[in-house]
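# Understanding the architecture of this molecule
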Amino acid sequence: MEIELNFVQDQKELIEICFRKARKEAERMGKQRDRLKKAKSQAIKRIEVSANYFNEAMQKPAAAFPYLKKLHPFYKELIEATLDLDKTLPAIKRMKASGKIALRLKRQYIGKAKALEKGEERKAKAIVSEFYGRLSSIAKNAEQAIKEYNKTVKMARELPNVRFDLKTVIIAGYPNTGKTTILGRLTKSKPKIAEYPFTTQKLQIGYLEQGYEKVQLIDTPGLLDRPLEKRNKIERKAIAALRHLANSIVFVADPTERCGFPLEKQANLLGEIEKELKGIPILVVLNKADIASEEEIKAGKKAFPKAIAEGHEIESALKEEIAKMLKNGPV
Ligand SMILES: Nc1nc2c(ncn2[C@@H]2O[C@H](COP(=O)(O)OP(=O)(O)OP(=O)(O)O)[C@@H](O)[C@H]2O)c(=O)[nH]1
Ligand SMILES: [Mg+2]
């Protein structure tokens, strides 16, 4: 993945670190005979170190968060379909603002410490405590934003690591037609397969060795036949992979309709994909051939005239077809 995001410490932990660092740095300061000077410089150090550390932690997300424009268009679309940017971006802004507030407060309190006069040495500690109290409440106010941001980091870290240097086959089709089963049969991966639709919620990657060449196979969440603006975020992940990564496509159809969707709708979806991705070779597989009746296969072939019928144990045929497709298709 192109983006590496780091978690931000939760506000309590962060504040503890700020104070600890401040204390250590103040302790490390050279000896100072003059009582007033000592009290002042210690206080200033504490205020400075704690505020700066807090500010840095609050600016990091903004600096690390990739500007979407710079990302590969596949990741741009995938991130939009995976993360809750409507919440993440305001959270990042909020943290940034908290850092700035801390810096402003730092200047104000350093001013207070500097203004201390002889006989007021004791007040230095009170100034630091007051500053710490205010810094803690700034951190507390950023609590929600930090939580929101950390949720994003967690999700971003789970984004698939696609390889742009390999030829890529996208496995697509209606839900529950057997796409993931095919990924499992063609590669050594052991993805989750279930007898209900919408099992696969994110892109799953497997690799296929073809001679010396490694091919990337991506299993996608099931798609319904509907316009893009009606598609949910999970479907959009499949669309992003189809649009930006496919060198060729394996379209899985279920002629038995046991997937729960009529052939006609499945065929419409294929039509839409063909229209949207002109020029990219598509291999149509009539899956579940082992349990399909003759009539069902016949109806399947009518709905998908170019389909190859599939049953169990035909991985090698499928692999050959994929190899042919990749050879003939655009690179
Ligand atoms: N009999 C038979 N069943 C199959 C075959 N391929 C898949 N199935 C079954 O069909 C169901 C759906 O399989 P999946 O591989 O999860 O289908 P999918 O297309 O990935 O489904 P979603 O991820 O929900 O879109 C499971 O119960 C599989 O066991 C096949 O060739 N023959
Ligand atoms: Mg699946």
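From a predicted model like this one, the values you see are computed outputs, not experimental measurements.

The strand order across the open sheet formed by six strands is β2-β3-β1-β4-β5-β6, and the pairing between neighbours is mixed. With partners counted over all chains shown, the strands left at the sheet margins are β2 (204-210) and β6 (308-309), one partner each. Pairing between strand β4 (residues 248-253) and strand β5 (residues 282-286): five bridges, direction parallel. Counterpart to Ala253 in the pairing with β5 is Leu286. Of the strands in this sheet, β1 (167-173), β4 and β5 touch helix α9 (residues 263-276), which is tilted by about 170° from β4.

Let us now look at the side chain of Thr177. Here Thr177 shows up in the loop between β1 and α7 (179-186). By relative accessible area, Thr177 is classed as buried at 0%. In this view, Thr177 contacts Val252, Ala253, Asp254, Cys259, Gln266, Asn287 and Lys288; residues no more than four positions away in its chain are not counted.

Looking at the secondary structure, you find Asn150 in helix α6 (residues 143-157). Judged by relative accessible area, which is 15%, Asn150 ranks as buried. Side-chain polar atoms of Asn150 contact the backbone oxygen of Val8, separated by 2.8 Å. Apart from the residues lying within four places of it in its own chain, the contact partners of Asn150 are Phe7 and Val8.

Next up on the list: the environment of Glu158. With respect to the helices and strands, Glu158 occurs in the loop between α6 and β1. C-alpha of Glu158 to C-alpha of Leu286: the two residues are 128 residues apart in sequence and 32 Å apart in space.

A word on the nonpolar core. Grouped together as the largest cluster of nonpolar side chains are 80 residues, with contacts concentrated most on Phe54, Phe74 and Phe304. Element by element, the count of residues in this core is highest for helix α2 (residues 35-64), at eleven residues. Counting residues domain by domain, this core receives three or more from each of domain 1 (11-157) and domain 2 (167-328). In this view, Phe304 contacts Phe251, Ala253, Leu263, Gln266, Ala267, Leu270, Val284 and Leu286; residues no more than four positions away in its chain are not counted. In this structure, Leu208, Val215, Val252 and Leu318 belong to the second largest nonpolar core, which totals 16 residues.

Taken together, 21 residues lie near ligand 1, and Lys179, Thr180, Thr181, Thr199 and Thr200 sit nearest. One of the backbone nitrogen or oxygen atoms of Gly178 is found 2.9 Å away from an oxygen atom of ligand 1. A distance of 3.1 Å separates a nitrogen atom of ligand 1 from a polar atom in the side chain of Asn287. Contact with the protein chains removes 87% of the 650 Å² of surface that ligand 1 exposes when unbound. Partitioned by chemical class, the residues of the shell around ligand 1 number seven nonpolar, nine polar and five charged.

The subject of this paragraph is the domain arrangement of the protein. Parsing the protein into structural domains produces domain 1 (11-157) and domain 2 (167-328). Between the C-alpha centres of domain 1 and domain 2 the distance comes to 50 Å. Carbon and sulfur atoms make up 65% of the area that domain 1 and domain 2 hide from each other, which totals about 760 Å². Among the residues of domain 1 in contact with domain 2, Phe74, Glu77 and Ala81 are the three that bury the most area, contributing 65% of the side total. Counting the contacts that link domain 1 with domain 2 gives one salt bridge. Two residues, Arg243 and Glu77, come together in a salt bridge whose shortest N-O distance is 3.3 Å. The residue makeup of the side of domain 1 that touches domain 2, split by class, is five nonpolar, two polar and three charged.

What follows covers a positive patch on the surface. Among the surface-exposed residues, Arg20, Lys21, Lys24 and Arg28 lie close enough to one another that they form a single positively charged patch. Checked against the element boundaries, Arg28 lands in the loop between α1 (11-27) and α2. Take Arg28: its relative accessible area is 62%, and that puts it in the exposed class.

So, on to the coordination of the magnesium ion (ligand 2). Distances from the magnesium ion (ligand 2) to its protein donors, Thr180 (OG1) and Thr200 (OG1), fall within 2.0 Å. Of this pair, Thr180 sits in helix α7 while Thr200 sits in the loop between α7 and β2, placing them 20 residues apart in sequence. With respect to burial, Thr180 and Thr200 carry one shared label: buried.

Evaluation of the coordinates by the stated rule reveals seven aromatic pairs. Ring centres of Phe131 and Tyr132 lie 6.5 Å apart, and the angle between their planes is 50°; this geometry places the pair in the tilted category. Residue Phe131 is classed as buried on the basis of its relative accessible area of 0%. Overall, Tyr132 belongs to the buried group, its relative accessible area being 12%. Here a set of aromatic residues connected by ring pairs shows up, and it is made of Phe19, Tyr109, Phe131 and Tyr132.

Rules behind the numbers
- Residues numbered from 1 in each chain as written.
- Chains lettered and ligands numbered in written order.
- Predicted model: local features only at pLDDT ≥ 70, side-chain atom pairs only at ≥ 80, totals over all residues.
- Heavy atoms only, no water.
- Pairing = 2+ DSSP bridges.
- Helix = DSSP H or I, 4+ residues; strand = E, 2+ residues; numbered from the N terminus.
- Contact = heavy atoms within 4.5 Å.
- Axes fitted to C-alpha atoms, helices over the stretch in contact; angles between N-to-C directions.
- Buried < 20%, exposed > 50% of the residue type's maximum accessible area, 1.4 Å probe, protein only.
- Polar contact = N/O pair within 3.5 Å; in protein donor to acceptor, adjacent residues only side chain to side chain.
- Core = buried A, V, L, I, M, F, W, Y, C linked by side-chain atoms within 4.5 Å.
- Domains from an automatic or database assignment.
- Near = heavy atom within 4 Å.
- Areas by Shrake-Rupley, 256 points an atom, 1.4 Å probe, with all protein chains shown as cover.
- Nonpolar A, V, L, I, M, F, W, Y, C, P; charged D, E, K, R; others polar.
- Buried area = accessible area lost by both parts, 1.4 Å probe.
- Salt bridge = Lys/Arg side-chain N within 4 Å of Asp/Glu carboxyl O.
- Patch = residues over 30% accessible without salt bridge, like charges linked within 9 Å, V, L, I, M, F, W, Y side chains within 5 Å.
- Lys, Arg positive; Asp, Glu negative; His and termini not counted.
- Charge placed at Lys NZ, Arg CZ, Asp CG, Glu CD.
- Donors = N, O, S within 2.8 Å, 3.2 Å for Na, K, Ca; no water.
- Phe/Tyr/Trp six-rings, centres within 6.5 Å; stacked < 30°, edge-to-face > 60°.

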